[in-house]
Amino acid sequence: MKGGNGQWTACCPNHGDTHQSLSVSIGNGGKVLLHCHTGCTAEDIVWSMGLTMKDLFVEDRPPAKTSGRASVVATYDYWDDAGKLLAQKLRYSDKHFSWRRPVADGKWEYNRKGVPHRLYIAGKLGGLVHICEGEKDADNFHGKIGGCAVSGADGAGPGKWRREYSEQLRDRSVVIFCDNDDVGRAYAQETAAALHGAAKSVRVLDLSKIWPEIPEHGDVSDLIEAKGPAEAARLLVKLERETPEWVPGAAEPDPLLSLFKSLEDFPEEDAKWLVQGWIPEGQISIIAADGGIGKTTLWCHVIAALSNGTTCILDPPGTNREPVKVMFLTTEDSVRKKLRKKLRLAGANMKNIITPDFVGDRSGLLHKLKFGTPDMEKVLRAFRPALCIFDPVQGFTPPKVNMGSRNEMRDCMAPLISIGEEINTTALIVSHTNKRKGAYGRDRIADSADLWDIARSVMMAGYTEDQGIRYLSNEKNNYSQLQETILFTIDSDGQIQKDGTSWKRDREYIQGAEIARAAPMREDCKAFILQTLEEAGGAMPTAELEEKVKTAGYTFTSMKRAKKELKAEGAIKHFQTEAQNPGIKPGTCSW
């Protein structure tokens, strides 16, 4: 082996390697990492060295104290079909194992290289074959009960039953002893699945059915010791007779895997709407706007209509609805000082609206009411509102969740969808928008872009160019085409009044506002340019003019647009060559 500092190369023991194609390194926690560049698997490599995959891990515990060198306490012989000894597996007093192979002149070579994958066989392979987890159990069964018992070479665990073992047992009747732990049960099922179709018959024996008091990790050796050989034999014969043949799917279904279905098992369902075209049932919707636009007034208007069975500004003509129960959770406005009056004036049915009493919370229980928590699920399942408002999103995001992390936000909010679809509760999340200049649509959602992705409908609100007129734009809609933008005002009583519709979106309104803010600056810049040229006698170099404009505090963009408009109006001219205008320098403006 060559190398150092945690990186080595060596000849691979699993094939006739002469070029050191095996890379060896130390991973996290001291784990030994093996990679053969010719394609040998790590399992085959450790097999060739007389080790197991477990030997690649450093156990996080102090080494056992031993006095002197560990001694061999058991030897297990592995034979080929012709009765030739292939190898011996040695078990030591300190519970580790090693392998050795017979070579010429009665000598041994202590490695596993070249040993084929074979079953350990206690007794003669014939009749009913009993499969145990290890050689010790196989010997115990054969020696004290009688009959043939076998085991794999590497004990129980995922992938430990090899296809070569199944070939050795082809067309034979087998029973599998299931150790009383999760690893044992999983290994028994994996073994049965591998033997199904190869063996003549397969049965998995659950020892707890004949030994109810079996301890955790209990196995057939423990049964023999506890009951005695004669009674254990009687019980095992009874169990073998009563256990039906193993068939695929007979085991208890895995909770995770059982959640996967063929697409043909899913029914097709049309989207249902809490508010037609705007707020889908059982999903997450978002309303986002700058402060002062009227987000709270908007959601109060919506829940008032839902609670009383009336229409809101989002409803199409002819809408009819039954009153429903709604809930709002807010950390921003006082229920007593503001929201109750606002909802009463909006015509809400107070009996159908539920909200927590933060003033009455002396123990701090409401502070635990966060997305993705058991408390939130408990509340939603208990009251089952048709709609639940969360205002603002930051107030219900767990404190350790980074709102800028897409995965963290998706993980904590995803339960709102699964719960919502189950109990038919729609979530409307209120979000502030950021102040980034020129941002529109999803780029305006504050703190977390993942809010946009997880929502099925997104509404953005803001001011139009007209005094006092606001807009509510449907910016995203997964279940319908985008709805026409609603224009509205807020009257002196703080109530929503519809003022028409528009097909303009958030982008057009944001850009229009930017242009409107820039227009006065541009007009001032135009006046400054004309005044500067007049003071210079009617003409001056362009570079000098631009420097004066910049010094006066105007931006390059304002100056560029101002010059363009002045040229279009014929107020200034730009001369490019001295030859065409004697006495005037190239690149000069005049008026």
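Not measured: the values here are computed from a predicted model. (Residues numbered from 1 in each chain as written. Predicted model: local features only at pLDDT ≥ 70, side-chain atom pairs only at ≥ 80, totals over all residues. Heavy atoms only, no water.)

(A) Examining the overall build of the protein more closely. In terms of helices and strands, the protein carries 14 helices and 27 strands. Of all 591 residues assigned to the protein, the portion counted as buried reaches 45%. A fraction of 57% describes how many contacts in the protein between residues 6 or more apart in sequence connect residues 24 or more apart. Surface accessibility of the protein: about 32400 Å² in total, with carbon and sulfur atoms responsible for 51%. (Helix = DSSP H or I, 4+ residues; strand = E, 2+ residues; numbered from the N terminus. Buried < 20%, exposed > 50% of the residue type's maximum accessible area, 1.4 Å probe, protein only. Contact = heavy atoms within 4.5 Å. Areas by Shrake-Rupley, 256 points an atom, 1.4 Å probe, with all protein chains shown as cover.)

(B) Geometry of helix α5 (residues 220-227). Among the residues making up α5, those that are buried are Val-220, Ser-221, Leu-223 and Ile-224. Projected onto a plane normal to the axis of α5, the buried residues spread over an arc of 160 degrees and lie on a single side. On its buried face, α5 is in contact with β10 (129-132), α2 (135-144), β12 (173-178) and α6 (229-242). With a side-chain oxygen lying 3.1 Å from the backbone nitrogen of Ser-221, the N-terminal cap of α5 falls on Asp-219. One or two positions beyond α5, positive phi appears at Gly-228, with a value near 90 degrees. (Arc of directions from axis to C-beta. Polar contact = N/O pair within 3.5 Å; in protein donor to acceptor, adjacent residues only side chain to side chain.)

(C) Layout of the side chain of His-117. Checked against the element boundaries, His-117 lands in the loop between β8 (108-109) and β9 (120-122). Within polar-contact distance, the side chain of His-117 engages the side chain of Arg-162 at 3.4 Å.

(D) How the structure looks around the packing of helix α9 (residues 374-383) against helix α10 (residues 406-423). At their nearest, the axes of α9 and α10 sit 11 Å apart, and the two run at 15 degrees to each other. By the angle between their directions, the pair α9 and α10 is classed as roughly parallel. When you trace α9 past α10, the crossing you get is right-handed. Contacts between α9 and α10 pair Glu-377, Leu-380 and Arg-381 from the former with Leu-416, Ile-419, Glu-422 and Ile-423 from the latter. (Axes fitted to C-alpha atoms, helices over the stretch in contact; angles between N-to-C directions. Parallel < 35°, antiparallel > 145°, perpendicular 65-115°, else oblique. Left-handed = near helix turned anticlockwise from the far one by under 90°.)

(E) Representation of the sheet that holds β9 in the model. In space, the five strands of this open sheet follow the order β9-β11-β10-β12-β13, with mixed pairing throughout. Only two strands of the sheet have a single neighbouring strand rather than two, namely β9 and β13 (201-206). Adjacent strand axes in the sheet meet at a mean angle of 25 degrees, parallel and antiparallel pairs treated alike. Contacting β9, β10, β11 (148-151) and β12, α2 runs over the sheet at an angle of about 20 degrees to β9. Where α6 meets the sheet, its contacts fall on β10, β12 and β13, and the angle it forms with β13 comes to roughly 125 degrees. (Pairing = 2+ DSSP bridges.)

(F) Region of interest: unusual backbone geometry. Here the bond from Asp-391 into Pro-392 is cis, since omega is -5 degrees, no more than 30 degrees from zero. Positive phi, close to 65 degrees, is recorded for Asn-424, a residue that is not glycine. One can find Asn-424 in the loop between α10 and β20 (426-432).

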